[in-house]
Every structure is written in structure tokens, then in C-alpha cells.
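# Structural overview
This is what each chain is made of:
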Amino acid sequence: MRKTTALCLAGAMVLTLAGCGGKGADSAGTDAGTTAAQTTTALDEADAEKTKDTETTGATAVTDPTEETTILVAAAASLKYSYEDELIPMFEAANPGIKVEGTFDSSGKLQTQIEEGLEADVFMSAAMKQMNALKEENMVDADSIVELLENKIVLITSAGSDSDIKSFEDIIKGETIAIGDPESVPAGQYAKEALTTLGLWDQVEAKASLGTNVTEVLNWVAEGSADAGIVYATDAATNEHVKVVAEAPEGSLSKKVIYPVGVVTASEKKDAAQKFVEFLQSDEAIVVFEKYGFTAN
């Protein structure tokens, strides 16, 4: 009887232990599986968040307004001093993320350079002719063009000259006359038109030295290698070695001397380019232009 009872007790213990052991194993397995699943989910979420952060960072790198951008402004030679001395520094101070580089030459040359692939962002010419040509070629955004400034065409001699050249009609008294090449220099085109209207072009052409831009014409007169020249009033105002003796007579030009500005269609920095164009229209910028002899159109 005792033996039988002992055997029964031993069997019960074995069964109990077996039952407990089985439940523990199942629980451990379940817990381990849950933990693994949770770990995998956490890693997936972390990877997803990391990917999201990376994408966001990448997008920010492209559009971050604080990242420095450099734009190239192609402008008529007569704008060089006002741009470099005052306007560009003013704009950069107000827009620390944007740098402006300028290239200055005759409007015709700049037009050709843009047509040939110059990576300019803004174009400002000394006449509507070059701007209209680029607009028609879809190289300047039509809706960005602003007819910003007006200039005057003037006759100059060297500051120390005592010649009898006192009016446009007197220009033929000079032995050498400097004007911009009418083929590419707007100031030369205006000069030719005025002189043609006055019936003087043929006589002037026979004595003319043709400059590649208005600055070259200005320097020839300033140094005395030309007796007289025709430039913009703004150019004459920048050089103390020349004096203005006359403005183009009223009626000698068919239209005003207008300086338009616009955004180049191929620009990859149009936001910055448009900001610069808008700045040029501001009251602060117009005051600077007027200081250099321009008037707001």
C-alpha cells in the first residue's frame, strides 16, 4: 500500500513538472517571438524615419534660402559704375544669401553672348532693340521685362578743350569724332539716328572712330585722341576729364533712350534673378541711378 501510494505521488510530480515545463517553454517561445517582432518593427520604423530625414535634408539642401547663390548680370557698359560702386553692394547687404557678379559691354555684344550660351541670369541693355530681339528668340522671359530707365545722348569734348564745338551741328568741325559702332553699340545707333536726322551723318562717318562700347568712346575723348564724341549723359557724368557741350536736339531721335531689364529664360536661379530685378525698381535703387544721371522711366 505504501509502495503504491509512493508511486502515485511520484507520477503526479512528474506530470506536474512536465506540465509546468511545457507551459514555461511555450511562454518563453511566445515572449521571444513577440520581442523579435517588436525589435523588427522598431528597426523598420527607425529606418523609415532615417529615410524620411534624409529625404527632408536633401530637399532642404536644394531650397534652403540661406544657402549662397551667385547670379550673373549682363549689363550695358554705361551701368558699370552704378552697379559696381553702389547697387550690387546694396543688394548683397540686403540679401546675404545671394552674390552678384557683373559683366559689362555693349548691349549688342552681350546679346550675342547670351545667344551663344553665356550663362547670364539677368540682362539689362541700353536700348529696347537688343532686349526685344532676345524676347522674340525666347531667351528672355517676356513677363519679366521692365522698361526701367531713361538716358540722354550728349555731345562731349575733353574738359580742357577750347574748340568751337558747341552744338551737335558743330560736330563736323572736329578732325576725329568718336562714336560707338552703330552695328552693336546702342549709343552709336542713337548717335547715327540723331546725326542722320540733322543731315550730318555722311560727314561724320568720314571722320569717325568707331568704339566697341560707349566706355571706349568716352576714354578717347577724355585723353584727347578724339576731338568730340557722342555718349550717354550718364557716362559723361562719371568722367571729370570730359565736358558736355550739348544734348541731342529735340526731335532728332524718334524715341526715348530706354534701358530695359529682364530675367534670362535659361537661368537656373530665377528666384534670385527676379529678386535682383525687383530690387532695381525700388526707391533706393532709383535714387542711385539718378545720382549717376539716369531718370526713372
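Small disclaimer: the values here were computed from a predicted structure and weren't measured.

Leu-79, Tyr-83, Met-124, Tyr-259, Phe-276, Leu-280 and Phe-289 are the most contacted members of the largest nonpolar core, which totals 67 residues. In terms of residue count, helix 9 (residues 270-280) provides more of this core than any other element does, six residues in total. Two domains each put at least three residues into this core: domain 1 (69-150 + 257-296) and domain 2 (153-247). Apart from residues no more than four positions distant in its own chain, Leu-79 is found in contact with Phe-104, Met-124, Leu-149, Tyr-259, Phe-289 and Phe-294. With ten residues, the next largest nonpolar core counts Leu-110, Ala-120, Phe-123 and Leu-134 among its residues.

A few words now on the UniProt feature "binding site: molybdate" (unreviewed entry) in the protein chain. Here, the residues flagged by UniProt with the feature "binding site: molybdate" (unreviewed entry) are Ser-78, Ser-107, Ala-187, Val-214 and Tyr-232. The greatest C-alpha distance among the annotated residues, which extend across 155 residues, is 13.5 Å, indicating that they converge on a single site. With respect to the element layout, Ser-78 can be found in the loop between strand 1 (69-76) and helix 2 (80-94). Accessibility expressed as a relative area gives 8% for Ser-78, which makes it buried.

Take helix 10 (residues 283-291) next. Along helix 10, the positions that sit buried rather than exposed are Ala-285, Ile-286, Val-288 and Phe-289. On an axial view of helix 10, the arc spanned by its buried residues comes to 155°, and they lie on one face. When the buried face of helix 10 is taken as reference, the exposed residues oriented beyond 90 degrees from it are Asp-283, Glu-284, Val-287 and Lys-291. Buried-residue contacts for helix 10 involve helix 2, strand 3 (122-124), strand 4 (146-151), helix 9 and strand 11 (295-296).

The phi dihedral of Asn-138 falls on the positive side, at around 60°, and the residue is not glycine. Here Asn-138 shows up in the loop between helix 4 (128-136) and strand 4. The exposed category is assigned to Asn-138, whose relative accessible area is 60%.

What follows deals with the pairing of strand 10 (residues 257-263). Taken across its seven residues, strand 10 has seven buried, putting it largely inside the fold. The alternating pattern of strand 10 places Val-257, Tyr-259, Val-261 and Val-263 on one face and Ile-258, Pro-260 and Gly-262 on the opposite face, and all of these are buried. As paired strands, strand 3 and strand 10 are joined by three bridges and run antiparallel to one another. Among the inter-strand pairings, Val-122 is bridged to a residue of strand 10, identified as Val-263.

About the cut-offs
- Every chain is numbered on its own, with residues counted from 1 as its sequence reads.
- Local features are withheld for residues below a pLDDT of 70 in this predicted model, meaning they are given only at 70 or higher, and side-chain atom pairs are given and counted only at 80 or more; totals for whole chains, interfaces and linings count all residues.
- Hydrogen atoms and water are omitted, and side-chain values are computed over all heavy atoms in the structure.
- The nonpolar core is taken to be a set of buried Ala, Val, Leu, Ile, Met, Phe, Trp, Tyr and Cys residues, with the residues joined through side-chain atoms within 4.5 Å.
- Each residue is placed in one exposure class: buried if its accessible area under a 1.4 Å probe, protein chains only, is under 20% of its type's maximum, exposed if it is over 50%, and partly exposed if it falls in between.
- Helical segments are the DSSP runs of H or I of at least four residues, strand segments are the runs of E of at least two, and each set is numbered from the N terminus.
- Residue ranges assigned to the domains are those given by an automatic or database domain assignment.
- Any pair of residues with heavy atoms lying within 4.5 Å of one another is described as a contacting pair.
- UniProt positions are given in the numbering used here, feature names are shortened, and annotations may be inferred rather than shown by experiment.
- The directions from the helix axis to the C-beta atoms are what the arc is built from.
- The rule for pairing is simple: two strands pair if DSSP sees at least two bridges between them.

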